[in-house]
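The lines below spell out each chain.
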Amino acid sequence: MGLTASVLAVDAGNSKTDVAVVAADGSVLATARGGGFRPPVVGVEKAVDAVADAVGRAFAAAGVTSVEHVSACLANADFPVEERQLTAALHTRAWGPDVVVRNDTFAILRAGVTEPRGVAVVCGAGINCVGMRPDGRTARFPALGRISGDWGGGWGLAEEALWHAARAEDGRGVDTELARVLPAHFRLPSMYALVEALHLEDIAPVRRHELTPVLFATAAAGDPVARSLVDRLADEVVSMATVALTRLDLLDEETPVLLGGSVLAARHPQLDDGVRELLAARAPKAVPRVVTASPVLGAALLGLDRAGAPPEVQARVRAYYEA
């Protein structure tokens, strides 16, 4: 019979997957990295195959064949029905008898707190927010973009910047420096040329994300339109956090509000100041801070929570990732 570890932690995002095998004493026995997790694109089974490759390598390095708890924080686990589908798919792999699937935003939240209590807002390519309490209560949003009421994220900001820049150039909107700096980023002479290149995919659609840093730089230089977009993002971040705090009855308690994802972690001064000022006004007891810890740490801690691990065990796995 093979050795058994305590927790298999999985943090699977759209671009990469990180896994860790954790012993009952909190020691990290092995880690591995795999490709992106995209069930909507490739289907559930093929998406889980990508995770399985990383898990197989981690198990081999750790010298184990199974674990007691599988703690999987997965992108695209947005609704309970998706969580159930993904849980069933992971059960078939027989990595461990106890499988819990959560949205990957919960990993970022748990990585930033010493107990499962707080709210996290993540702004990377998209935007999402979750909250949790030690009693198991959670707050969350579908976070599917405009159809679920979301605004923001790096992709959304790039789209808004393009919209304002195109209208400025053709006269339908107010003038903005974005009309000049966005095409210049791609060495093009005008927004007309940029729109044509994007439409014909002479510029790959994925490269639109390159325009988000351009937007922030333009805002920092004082352009009113660019600054208005950054201000709106700050308002969206705080709106999500405040709603989550309210749902969990944490608005009147000192509670950590974790800010994660590439856009928030970049600490753009206007955005950072705006979020903190609005939080101070709407949720005065919230304690904002940026999370830089690896999300797979959060998945591991959630697994140890479920295993009833004491604080010293959780401290050991945290020390491994924060060293």
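Rules behind the numbers
- Position labels on residues start from 1 in each chain and follow its written sequence.
- The model is predicted, so local features are restricted to residues of pLDDT at least 70 and side-chain atom pairs to those at 80 or more, both for listing and for counting; the totals for chains, interfaces and linings are taken over all residues.
- For side-chain calculations, the full set of non-hydrogen atoms in the structure is used, while hydrogens and water are omitted.
- Counting from the N terminus, the helices are the DSSP runs of H or I reaching at least four residues and the strands are the DSSP runs of E reaching at least two.
- To sort residues, take the accessible area from a 1.4 Å probe on protein chains only and compare it with the maximum for the residue type: under 20% means buried, over 50% means exposed, and anything in between is partly exposed.
- Only heavy atoms enter the contact rule, under which two residues are in contact if any of them lie within 4.5 Å.
- Basic side-chain nitrogens of Lys or Arg form a salt bridge, by our definition, when they fall within 4 Å of a carboxyl oxygen of Asp or Glu.
- What makes a nonpolar core is a set of buried Ala, Val, Leu, Ile, Met, Phe, Trp, Tyr and Cys residues whose side-chain atoms join them at distances within 4.5 Å.
- DSSP-based pairing: two strands are paired if at least 2 bridges between them are found.
- The convention used is that axes are lines fitted to C-alpha atoms, helices contributing only their stretch in contact, and that angles between N-to-C directions extend from 0 to 180 degrees.
- Think of it as the arc spanned by the lines of direction from the helix axis to the C-beta atoms.

Draft legend 1. Local environment of the side chain of Thr87. Take Thr87: it is sitting in helix α3 (residues 80-91). Residue Thr87 is classed as buried on the basis of its relative accessible area of 17%. Not counting residues up to four positions away in its chain, the partners in contact with Thr87 are Val99 and Val101.

Draft legend 2. Structural context of the pattern of salt bridges. As enumerated under the stated definition, the model contains 20 salt bridges in all. With its nearest N and O atoms 2.9 Å apart, the salt bridge here joins Arg93 to Asp49. On the criterion of sequence distance, the pair formed by Arg93 in the loop between α3 and β5 (98-103) and Asp49 in helix α2 (residues 44-62) is long-range, its members being 44 residues apart. For Asp49, a relative accessible area of 40% translates into the label partly exposed.

Draft legend 3. Here's a closer look at the nonpolar core. Judged by nonpolar contacts, the single largest core of 52 residues is most densely connected at Leu182, Leu233 and Leu271. Here this core takes 12 residues from helix α9 (residues 224-247), the largest share from any one element. Apart from residues no more than four positions distant in its own chain, Leu182 is found in contact with Ala161, Leu162, Ala165, Met191, Leu194, Leu211 and Val214.

Draft legend 4. Fine view of the sheet that holds strand β6 (residues 118-123). What the five strands build is an open sheet, ordered β8-β7-β6-β9-β10; its pairing is mixed. Each edge of the sheet is formed by a strand with only one pairing partner; in this case those strands are β8 (138-140) and β10 (286-290). Each adjacent strand pair in this sheet contributes to an overall mean axis angle of 15°, direction not counted. Alignment of strand β9 (residues 255-260) against β10, held across five bridges, turns out to be parallel. Bridge assignment links Leu258 to a residue of β10, and that residue is Arg289.

Draft legend 5. Spotlight on helix α7 (residues 191-199). Taken as a whole, α7 has its buried residues at Met191, Ala193, Leu194, Ala197 and Leu198. Viewed end-on, α7 has its buried residues packed into an arc of 155°, placing them on one side of the element. Exposed residues lying more than 90 degrees from the buried face of α7 are Tyr192 and His199. In this fold, the buried residues of α7 make contact with α5 (153-170) and α6 (178-185).

Draft legend 6. Spotlight on the environment of Ala280. Relative to the assigned elements, Ala280 resides in helix α11 (residues 269-282). You can call Ala280 partly exposed: its relative accessible area is 49%. Taking the C-alpha atoms as reference, Ala280 lies 19 Å from Val122; in sequence the two are 158 residues apart.

Draft legend 7. Geometry of helix α8 (residues 211-220). Within α8, seven of the 10 residues are buried, leaving the element largely enclosed by the surrounding structure. Its buried side turned inward, α8 meets α5, α6, α9, α10 (262-265) and α11. Looking at the residues trailing α8, positive phi occurs at Gly222, about 105°.

Draft legend 8. Main features of the pairing of β6. Of all six residues in β6, six are buried, a share of seventy percent or more. Burial along β6 is two-sided: the face carrying Gly118, Ala120 and Val122 and the face carrying Val119, Val121 and Cys123 are both buried. Here six bridges tie β6 to strand β7 (residues 127-132), and the two strands are oriented antiparallel to one another. Looking across to β7, one finds that Gly118 is bridged to Met132.

In short, shape yes, function no, at least from these values alone.
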